[in-house]
Amino acid sequence: MDVRVAIIGAGPSAFYGAAALFACKDHNIRVDMFDRLAAPFGLVRYGVAPDHPKIKSVTNLYEKTAADPRFRYFGAVDFGRDLRLADLRALYDMIFFATGAQSDRNLGIPGENLAGSMSATEFVAWYNGHPDYVNLNPNLDIEGAVVVGVGNVAMDVARILAKSVDELAGTDIADHALEALRKSRVKDIWVLGRRGPAQAKFTNTEIKEFGHLAVADPVVKAEELELDPESAAECEKDRLVKQNVEILRGYLDRGAGSKQRRVHFRFLVSPVEITGNGKVEQVRIERNRLEAGNAVGKGEFETVNAGMILRSVGYKGVPLPDVPFDPKKAIIPNDGGRVKDGSGAVVPGLYVAGWAKRGPTGVIGTNKKDAEETVALMLQDAGKTKAGGSGDVADLLKQRGVRFIDWQGWKKIDAAEVARGKAQNRPRVKLVGLDEMRAVAG
Ligand code: NAP
């Protein structure tokens, strides 16, 4: 049976979904993949830290999927603006959403709107050359920066702020970010965990990296690494939790160190207010204790001088036009990947995978199993939902004057980026602007 599938998004879940569909031998499945941005790979290109190139090599697998003759790519096509759900319903038997979680959560504290207060999501997108954040221009003419949250994203942004330009110059970090970081005067970075070290979400490798930075020392406080009985029991149960705590304890012996920068890992503290004259100047924090695993304020406060605060407390999904959305969970409501409407009924022909399906958890590889689960349901449903009309989306887009970038165009952009990188001993120098990308893609 011929099955035409539209995949919205071109990040990891989208490519794992396409690969799983192509692996099906029972049907002739064709996949058209759409992304709002010109370049594919979503979070791998615009989320993964530039100094973690190994994680990015997963794109080699995605390239193989894209080389399948049944695959087509439509970059720089905005779902909801250039194409609506009804357009896709007319052309495709099934629509698979892999749109991730594009926004972030707020802290909900006074002063959060001051200049210098932003989400880690924005900061990450800026240093990774995401076209929407080129003009973020974070002020790095400051001595203190606060990072709220102790997940791996918090580790990424703290590390990028802590590293020297020499450590970053050989990566694919965006040129505008490298230039700004070159002028950075940041000396102290405070990473704030509202609970204890045993509840931290970062992984062993990520926290360990702070012991090996060229110009920054990790700093911890002995009293904040003490564990209550529940946390101690958690350490005994979970080897990775125990290692996190041991790595942090290892930082105790180093004192404040002699390097020009310090990364202070603080635990059992929450920011309660950001103050300053039109911009972030101070962050007031409250000490916490753990009560049944939750952070509870102790009514003891201190103030940190900082010109920047990056909230790294989790990504958040955003609604797509005409597509069901659960505002509480910030996901597309679904049953194993089959999209459900507000009444809980399955919407025939609509599917979801990745962060848009389960929320912003897990590493890139987690999305493989997740996408495969959705595809298994799609294969069960194959033939039950048929496109309402016929025709080719390429014609429709051309009629509408949408100048999409196809896979060949992307490969030209990719080659140009790699060639520029070669000259500078870097894996690539990213093109950022859509006009420049279009010019290269032809
Ligand atoms: P995350 O792992 O869920 O961490 C979020 C952090 O924010 C937690 O420490 C959480 O503390 C804290 N938090 C939430 N609300 C808060 C509040 N109101 N006040 C203070 N702290 C608050 O999320 P993430 O760091 O954004 O990462 C998302 C996913 O991507 C994770 O699965 C992560 O492992 C993955 N990732 C992986 C890598 C890598 O492999 N190198 C790199 C980046 C991201 P509580 O625990 O107390 O809620």
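Let us look at the structure shown here. Please read these numbers as outputs of a predicted model, since none were measured by experiment. (Residues numbered from 1 in each chain as written. Predicted model: local features only at pLDDT ≥ 70, side-chain atom pairs only at ≥ 80, totals over all residues. Heavy atoms only, no water.)

**As for the overall build of the chain**
Turning to step 1, where the next piece is worked out: Per the secondary structure count, the chain includes 17 helices and 18 strands.
Turning to step 2, where the next piece is worked out: Taken over the C-alpha trace, the chain has a radius of gyration of 23 Å; the compact-globule value for 442 residues is 22 Å, and the two agree within 12%.
Turning to step 3, where the next piece is worked out: The principal-axis extents of the C-alpha atoms in the chain amount to approximately 65 × 50 × 40 Å.
Turning to step 4, where the next piece is worked out: Across the 442 residues of the chain, 55% fall into the buried class.
Turning to step 5, where the next piece is worked out: Accessible area for the chain stands at about 19,400 Å²; split by element, carbon and sulfur atoms hold 50% of it.
Turning to step 6, where the next piece is worked out: The averaged location of the 58 negative side-chain charges in the chain is 2 Å from the averaged location of its 62 positive side-chain charges. (Helix = DSSP H or I, 4+ residues; strand = E, 2+ residues; numbered from the N terminus. Rg over C-alpha atoms; globule rule 2.2 N^0.38 Å. Buried < 20%, exposed > 50% of the residue type's maximum accessible area, 1.4 Å probe, protein only. Areas by Shrake-Rupley, 256 points an atom, 1.4 Å probe, with all protein chains shown as cover. Lys, Arg positive; Asp, Glu negative; His and termini not counted. Charge placed at Lys NZ, Arg CZ, Asp CG, Glu CD.)

**Details of the packing of helix α16 (residues 407-423) against helix α17 (residues 434-441)**
Turning to step 1, where the next piece is worked out: The N-to-C vectors of α16 and α17 enclose an angle of 105 degrees; their axes lie 8 Å apart at closest approach. Accordingly, the angle class assigned to the pair α16 and α17 is roughly perpendicular. Note on element contacts: α17 touches α16 through Glu436, Met437, Val440 and Ala441, opposite Gly409, Lys412, Ile413, Ala416 and Arg420.
Turning to step 2, where the next piece is worked out: Class assignment for the residues of the contact of α16 with α17 results in five nonpolar, one polar and three charged. (Axes fitted to C-alpha atoms, helices over the stretch in contact; angles between N-to-C directions. Parallel < 35°, antiparallel > 145°, perpendicular 65-115°, else oblique. Contact = heavy atoms within 4.5 Å. Nonpolar A, V, L, I, M, F, W, Y, C, P; charged D, E, K, R; others polar.)

**Brief notes about the sheet that holds strand β4 (residues 94-97)**
Whenever strands of a sheet pair, they do so through backbone hydrogen bonds, lying parallel or antiparallel.
Turning to step 1, where the next piece is worked out: Strand order in the open sheet formed by seven strands is β3-β2-β1-β4-β18-β17-β16, with mixed pairing between adjacent strands. Pairing within the sheet leaves two strands with one partner each, and these edge strands are β3 (71-74) and β16 (334-335).
Turning to step 2, where the next piece is worked out: Note: β4 against strand β18 (residues 346-352), three bridges, orientation parallel. Paired with Phe96 across the strands is Tyr351, a residue of β18.
Turning to step 3, where the next piece is worked out: Its contacts with the sheet place helix α14 (residues 366-381) against β1 (2-8), β2 (28-34), β4, β16, β17 (338-340) and β18, and it is angled at close to 170 degrees to β4. (Pairing = 2+ DSSP bridges.)

**What to know about the pattern of salt bridges**
Turning to step 1, where the next piece is worked out: Tallying each qualifying case throughout the model produces 42 salt bridges.
Turning to step 2, where the next piece is worked out: As a salt-bridge pair, Arg266 and Glu224 come within 2.7 Å of each other at their nearest N and O atoms. Residue Arg266 is located in strand β10 (residues 261-267), and its partner Glu224 is located in the loop between β9 (216-220) and α11 (229-237); the two are separated by 42 residues in the primary sequence. Just as Arg266 is buried, Glu224 falls in that class too. (Salt bridge = Lys/Arg side-chain N within 4 Å of Asp/Glu carboxyl O.)

**A closer look at the site of the ligand**
Turning to step 1, where the next piece is worked out: In the neighbourhood of the ligand, 22 residues make up the surrounding shell, with Val150, Arg194, Arg195, Glu206 and Gly362 lying closest.
Turning to step 2, where the next piece is worked out: Note that an oxygen atom of the ligand is positioned 3.0 Å from one of the backbone N or O atoms of Val150.
Turning to step 3, where the next piece is worked out: Note that an oxygen atom of the ligand is positioned 2.7 Å from one of the side-chain N or O atoms of Arg194.
Turning to step 4, where the next piece is worked out: Taking 920 Å² as the accessible area of the ligand by itself, protein coverage stands at 82%.
Turning to step 5, where the next piece is worked out: When the residues that make up the shell around the ligand are grouped by side-chain class, the tally is nine nonpolar, seven polar and six charged. (Near = heavy atom within 4 Å. Polar contact = N/O pair within 3.5 Å; in protein donor to acceptor, adjacent residues only side chain to side chain.)

**A look at the environment of Asn139**
Turning to step 1, where the next piece is worked out: Among the structural elements, Asn139 can be located in the loop between α6 (120-127) and β7 (144-148).
Turning to step 2, where the next piece is worked out: Within the local environment of Asn139, its side chain forms a polar contact with the backbone nitrogen of Asp141, the two atoms lying 2.9 Å apart.

**Focus: the environment of His52**
Turning to step 1, where the next piece is worked out: Along the chain, His52 turns up in the loop between α2 (42-46) and α3 (53-56).
Turning to step 2, where the next piece is worked out: Residues His52 and Thr171, spaced 119 residues apart in sequence, show a C-alpha to C-alpha distance of 8.6 Å.
Turning to step 3, where the next piece is worked out: Not counting residues up to four positions away in its chain, the partners in contact with His52 are Asp156, Arg159, Glu206 and Glu209.

**Structural notes on α17**
Turning to step 1, where the next piece is worked out: Among the residues of α17, Met437, Arg438 and Ala441 are the ones counted as buried. In a view along the axis of α17, the buried residues occupy a sector of 100 degrees, so they form one face of it. Every exposed residue of α17 that faces more than 90 degrees away from the buried side is listed here: Asp435 and Ala439.
Turning to step 2, where the next piece is worked out: One or two steps after α17, the chain reaches Gly442, where phi turns positive at roughly 75 degrees. (Arc of directions from axis to C-beta.)

**Quick word on the sheet that holds strand β13 (residues 294-305)**
Turning to step 1, where the next piece is worked out: Strand order in this open sheet of three strands is β11-β12-β13, and the pairing throughout is antiparallel. A single partner strand is all that each edge strand has here, and the edge strands are β11 (269-275) and β13. Averaged over neighbouring strand pairs, the angle between their axes works out to 25 degrees when direction is ignored.

**Things to note about the pairing of β2**
Turning to step 1, where the next piece is worked out: Burial analysis of β2 places five of its seven residues in the buried class, the great majority of the element.
Turning to step 2, where the next piece is worked out: On the question of chirality, the crossover connecting β1 to the parallel β2 by way of helix α1 (residues 12-22) is right-handed.
Turning to step 3, where the next piece is worked out: Pairing of β2 with β3, which is carried by four bridges, proceeds in the parallel orientation. Considered in β3, the bridge of Val31 is made with Phe71. (Right-handed = clockwise from strand over helix to strand, strands pointing away.)

None of this, on its own, says anything about what the molecule does.
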